[in-house]
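An overview of the molecular structure
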Amino acid sequence: MMETYAIGDLSRATGVKATTIRWYEQEGWLPPPARTAGGHRAYGAAHLRRLGFIRHARELGFESDAIRALLDLADQPDADCTRAHALATAQIAEIDARLKRLGALRAELVRMATSCEGGVVGECRIIETLADFAHGHCTNASHGSALAVK
């Protein structure tokens, strides 16, 4: 007999909240589960594997559209994997861009922190720099675009 999981069991096994599992079903990321005689969802091993796949893709930072495409590819084991490669390399480029923005943020914060020698807030270079939202005190105003860091 095939092992089945209630939604709570599937949630605990994967670390994905039950509400998210239901959303994945609604969006078509997970196939509809069988139902027990009492009408409760009964998930199988395929649901567990697919949910693990989705969670891992999320952990790697893939956006929803990319995950959909990867799920579609996973359903076609004989298909060419060029698209999977393109999605992975695009994700690498996105991570590299985020790292660059985070590096600029870090450098500016280090500069601000090292310019602060204590004293009173009215003379604090950190507070003064943060209050200057036009970035006039910043050595690299491009970190303003880092506000979009996800």
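Everything here concerns the structure above.
Residues numbered from 1 in each chain as written. Predicted model: local features only at pLDDT ≥ 70, side-chain atom pairs only at ≥ 80, totals over all residues. Heavy atoms only, no water.

1. Quick look at helix α4 (residues 64-74)
Considered for burial, the residues of α4 that qualify are A66, I67, A69, L70, L71 and L73. Buried residues along α4 sit against α3 (45-59) and α5 (82-115). (Buried < 20%, exposed > 50% of the residue type's maximum accessible area, 1.4 Å probe, protein only. Helix = DSSP H or I, 4+ residues; strand = E, 2+ residues; numbered from the N terminus. Contact = heavy atoms within 4.5 Å.)

2. Details of a nonpolar patch on the surface
A surface patch of nonpolar side chains, about 250 Å² in accessible area, is lined by I95, L99 and L102. If you trace the backbone, I95 turns up in helix α5. (Patch = residues over 30% accessible without salt bridge, like charges linked within 9 Å, V, L, I, M, F, W, Y side chains within 5 Å. Areas by Shrake-Rupley, 256 points an atom, 1.4 Å probe, with all protein chains shown as cover. Salt bridge = Lys/Arg side-chain N within 4 Å of Asp/Glu carboxyl O.)

3. Comments concerning the packing of aromatic side chains
Counted under the stated rule, the structure contains three aromatic pairs. Among the aromatic residues, those joined into a ring-pair cluster are W23, Y24 and W29. (Phe/Tyr/Trp six-rings, centres within 6.5 Å; stacked < 30°, edge-to-face > 60°.)

4. Considerations on the packing of α4 against α5
Angle between the axes and distance between the axes: these two values describe a pair of packed helices. Between α4 and α5, whose axes approach to 10 Å, the crossing angle comes to 155°. In terms of orientation, α4 and α5 fall into the roughly antiparallel class. Of the two possible hands of crossing, α4 and α5 adopt the one that is left-handed. In contact with A66, A69, L70 and L73 of α4, α5 contributes R83, A84 and L87. Looking at the contact of α4 with α5 residue by residue, the class counts come to six nonpolar, no polar and one charged. (Axes fitted to C-alpha atoms, helices over the stretch in contact; angles between N-to-C directions. Parallel < 35°, antiparallel > 145°, perpendicular 65-115°, else oblique. Left-handed = near helix turned anticlockwise from the far one by under 90°. Nonpolar A, V, L, I, M, F, W, Y, C, P; charged D, E, K, R; others polar.)

So far we have only geometry, and geometry alone does not tell us how the molecule works.
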